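Listed below are the residues making up each chain.
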Amino acid sequence: MKKIILTTLTTIGTLTFSFSQDVITKKSGEDIQAKILEVAQNEIKYKKFDNQNGPSFSIAKSDILIVRYQNGTKDVFSDATKSTETTTVSSIDMRAKARQDAMTNYKGKKSGAGWTAATSIVLSPILGLIPAIACSSSEPNEDNLNYMDSELMKDNTYNQAYREQAHKTKKKKIWTNYGIGSGVWLLLIILF
């Protein structure tokens, strides 16, 4: 029994730790897992999440698309100096727009996260892994993507980036609910 509780606590701790970081998304589409130290007027100072005792880095705000903080809030950065006469959009800009649109529009409904949490609570965290793995490995259904502009979805670069970001959001929601369900299961075991 102690091994089960210890294993469950380790799993919950690992899942909680893996989602408690800030994420800087650059306009190039690259994600940086970080701990934000300071948001200055023209730059953001941070430490890499996997090396918080290491050196500090800074990145210009003009290179950043969005910063998602560990508490769930986010800052979206726009480049006010961009020319409105630009008629062609680079694939990097298209990917960045798609990622931002997916973060805004895709909420992860009907992702299987609720069933994952319910299975973890009712049966056990070990059996809860089955729906968690199955649901997180499948991409979101077309009906659930909730994209706003069907013309943009015809662009292959935009479509692919939107689906990738929606899939990341779905996985995060599923594994968060798995952690919550496992925690509730553990609490019920301890209480009863």
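Everything discussed here concerns the structure shown above.
Source: prediction; values computed, not measured.

Criteria and cut-off values
Residues numbered from 1 in each chain as written. Predicted model: local features only at pLDDT ≥ 70, side-chain atom pairs only at ≥ 80, totals over all residues. Heavy atoms only, no water. Pairing = 2+ DSSP bridges. Helix = DSSP H or I, 4+ residues; strand = E, 2+ residues; numbered from the N terminus. Axes fitted to C-alpha atoms, helices over the stretch in contact; angles between N-to-C directions. Buried < 20%, exposed > 50% of the residue type's maximum accessible area, 1.4 Å probe, protein only. Arc of directions from axis to C-beta. Contact = heavy atoms within 4.5 Å. Salt bridge = Lys/Arg side-chain N within 4 Å of Asp/Glu carboxyl O. Phe/Tyr/Trp six-rings, centres within 6.5 Å; stacked < 30°, edge-to-face > 60°. Patch = residues over 30% accessible without salt bridge, like charges linked within 9 Å, V, L, I, M, F, W, Y side chains within 5 Å. Areas by Shrake-Rupley, 256 points an atom, 1.4 Å probe, with all protein chains shown as cover. Lys, Arg positive; Asp, Glu negative; His and termini not counted. Charge placed at Lys NZ, Arg CZ, Asp CG, Glu CD.

Novice: What am I meant to see in the sheet that holds strand β5 (residues 64–68) here?
Specialist: Reading across from one edge, β4-β3-β2-β1-β5-β6 is the order of the 6 strands in this open sheet, with antiparallel pairing throughout. Both outer strands of the open sheet, β4 (56–60) and β6 (74–76), are each paired with one neighbouring strand and no more. Each strand of the sheet is rotated relative to its neighbour by a mean of 40 degrees, with strand direction disregarded.

Novice: Help me understand helix α3 (residues 113–122), please; the structure alone is not making it clear to me.
Specialist: Three or four residues apart is the spacing at which side chains of an α-helix point the same way, because the helix has 3.6 residues per turn. Of all the positions in α3, only Ala-113, Thr-116, Ala-117, Thr-119 and Ser-120 are classed as buried. Projected onto a plane normal to the axis of α3, the buried residues spread over an arc of 165 degrees and lie on a single side. Exposed residues pointing more than 90 degrees away from the buried face of α3 are listed as Trp-115 and Val-122. Contact partners of the buried residues in α3: α4 (125–137) and α6 (156–191).

Novice: Sorry if this is basic, but what is going on with the pattern of salt bridges here?
Specialist: A side chain with one charge can pair with a side chain of the opposite charge if their charged atoms come near. Evaluation of the coordinates by the stated rule reveals 9 salt bridges. Taking the shortest distance from any N to any O, the salt bridge between Lys-168 and Asp-31 comes out at 3.4 Å. In this pair, Lys-168 is assigned in helix α6 and Asp-31 in strand β2 (residues 31–39), connecting sequence segments 137 residues apart. Close ionic contact of Lys-45 with Glu-43 constitutes a salt bridge, the shortest N to O distance being 4.0 Å. Residue class for Lys-45 comes out partly exposed when judged on its relative accessible area of 31%. The class of Glu-43 is partly exposed, set by a relative accessible area of 27%. One network of salt bridges, in which partners are shared, links Asp-31, Arg-99 and Lys-168.

Novice: Can you help me understand the packing of aromatic side chains in this one?
Specialist: Remark: the centre distance and the inter-plane angle together describe each pair of aromatic rings, the angle taken between the planes. Tallying each qualifying case throughout the model produces 4 aromatic pairs. Measuring from ring centre to ring centre gives 5.5 Å for Trp-175 and Tyr-178, while their planes differ by 75 degrees; the resulting arrangement is edge-to-face. Of the two residues, Trp-175 and Tyr-178 both sit in helix α6, 3 residues apart, roughly one turn of that helix. Through pairs of rings, three or more aromatic residues link up here, namely Tyr-147, Tyr-158 and Tyr-162.

Novice: Any chance you could explain a positive patch on the surface here in plain terms?
Specialist: Taken together, the side chains of Lys-74, Lys-107, Lys-109 and Lys-173 present a region of like positive charge at the surface. Structurally, Lys-109 is set in the loop between α2 (91–105) and α3.

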